Amino acid sequence: MDIIKHHPILIVSATEAECMPTLQKMAASRAVSSRLFAGTLQECPIEVLIGGIGVVAIAFHLTQALMQRSYSRVISIGIAGSYTDDIPVGEIVQIVEDCFADLGIDDNGKFLNLYDAGLTNVNDNFSGGFITNPSPTLSSHPLARAITVQTASGNQQRIDELANRYHPQVETMENAAFFYVCRMMNVPFASFRSISNKVEPRNRKSWQVTEAIERVNTAINALL
């Protein structure tokens with residue numbers, strides 16, 4: 001990874017649990033605030049931001065952090081659900097495109113996202129309705145198309161609608177907002193998610209959250 005040595009890397013997670021293994025490995029760790037922690041990892045200066053669940057929380061806290069401090073790169077880590085058997089539970093993916101899947105207009109029962117409704121354009125960093133990552137990929141992990149939703153999908157009708165509309169591979173509740181802020185702030189970024197569950201009618205008994213968190217944090221440690 002090409003790092004600008006005098007600026008730290010910012011790691012962003014929605015929850016403290018999703019980055020706890022990294023926080024525990026950071027040397028000389030200190031709390032900058034209730035949401036921001038600083039230290040070193042593999043002799044690399046690191047800061048970790050707990051951004052909160054959902055697009056509003058991530059957008060606010062990430063924008064605030066980027067306006068107050070300079071970073072060489074911003075990396076999002078966390079868990080995600082998979083839409084495809086090609087990306088099984090336990091896999092780690094690097095997300096390279098994402099969209100706000102359920103942000104839009106109900107036109108007499110027909111859903112139009114902001115792009116289809118003509119309410120976004122390329123100046124907002126949307127391309128065909130998706131926000132893409134122009135930065136070079138950082139690892140050999142599979143590249144993935146994601147969708148970001150305000151309500152985690154948990155019934156088959158909704159899952160089928162989203163799958164047919166966007167052809168996603170993974171689903172999160174924050175990543176499109178992470179992409180949007182980084183693009184608008186012109187900061188190099190990357191996003192890694194470990195698959196904790198299939199996107200299916202809600203069945204928490206089959207989820208592997210703890211294992212997914214360990215895997216994505218281990219991958220980031222190795223990457224650095």
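Preceding block: the structure.
Before going into details, it helps to say that this report is about the structure given with it.

Cut-offs applied
Residues numbered from 1 in each chain as written. Predicted model: local features only at pLDDT ≥ 70, side-chain atom pairs only at ≥ 80, totals over all residues. Heavy atoms only, no water. 1 Å grid on protein atoms, 1.4 Å probe; cavity = no way out; pocket = protein on both sides within 12 Å on 5 of 7 lines; lining within 4 Å. Points joined across faces, edges and corners; volume = space filled by probe spheres on them. Salt bridge = Lys/Arg side-chain N within 4 Å of Asp/Glu carboxyl O. Helix = DSSP H or I, 4+ residues; strand = E, 2+ residues; numbered from the N terminus. Buried < 20%, exposed > 50% of the residue type's maximum accessible area, 1.4 Å probe, protein only. Nonpolar A, V, L, I, M, F, W, Y, C, P; charged D, E, K, R; others polar. Axes fitted to C-alpha atoms, helices over the stretch in contact; angles between N-to-C directions. Parallel < 35°, antiparallel > 145°, perpendicular 65-115°, else oblique. Left-handed = near helix turned anticlockwise from the far one by under 90°. Contact = heavy atoms within 4.5 Å.

### Observations concerning empty space enclosed by the protein
Inspection of every chain in the model, using the stated rule, returns two cavities of 30 Å³ or more. Estimated volume of the largest cavity: approximately 60 Å³. Taken together, Cys99, Phe100, Leu103, Asn113, Leu114, Tyr115, Thr120, Phe126 and Gly129 make up the lining of the largest cavity. Empty space within the second largest cavity amounts to approximately 30 Å³.

### Looking at the pattern of salt bridges
The final tally for this structure, using the stated rule, is five salt bridges. The closest approach of N and O atoms between Asp85 and Lys198, which form a salt bridge, is 2.7 Å. Here Asp85 is found in the loop between strand E5 (73–82) and strand E6 (92–98), whereas its partner Lys198 is found in strand E12 (residues 189–198), with 113 residues between them in sequence. The class for Asp85 is exposed, based on a relative accessible area of 65%. Taking the relative accessible area as the measure of exposure, Lys198 reaches 25% and is therefore partly exposed. Across the salt bridge formed by Glu97 and Arg145, the nearest N and O atoms sit 3.0 Å from each other. With Glu97 in strand E6 and Arg145 in strand E10 (residues 143–148), this residue pair connects regions lying 48 residues apart in the sequence.

### Here we look at the layout of surface pockets
Picture a little ball the size of a water molecule; that probe, rolled over the atoms, points out where space is still empty. If you add up the space inside the largest pocket, you get close to 550 Å³. Per-element accounting of the lining of the largest pocket gives the leading share, four residues, to E12. The residue makeup of the lining of the largest pocket, split by class, is 11 nonpolar, eight polar and eight charged. Volume-wise, the second largest pocket comes out at about 160 Å³. Looking at the second largest pocket, the residues that line it are Val32, Ser33, Arg35, Leu36, Leu49, His61, Gln64, Ala65, Gln68 and Arg69. The leading source of residues in the lining of the second largest pocket is helix H2 (residues 55–68), at four residues. A per-class count over the lining of the second largest pocket returns four nonpolar, four polar and two charged.

### Some words on the packing of helix H1 (residues 16–25) against helix H5 (residues 209–223)
Across the interface, H1 lies against H5 with an axial gap of 8 Å and an inter-helix angle of 45°. By the angle class used here, H1 and H5 are oblique. For the pair H1 and H5, the sense of crossing is right-handed. Residues Ala17, Glu18, Cys19, Pro21, Thr22 and Lys25 of H1 touch H5, and the partners they reach there are Ile213, Glu214, Asn217 and Asn221. Taken together, the residues of the contact of H1 with H5 break down into four nonpolar, three polar and three charged.

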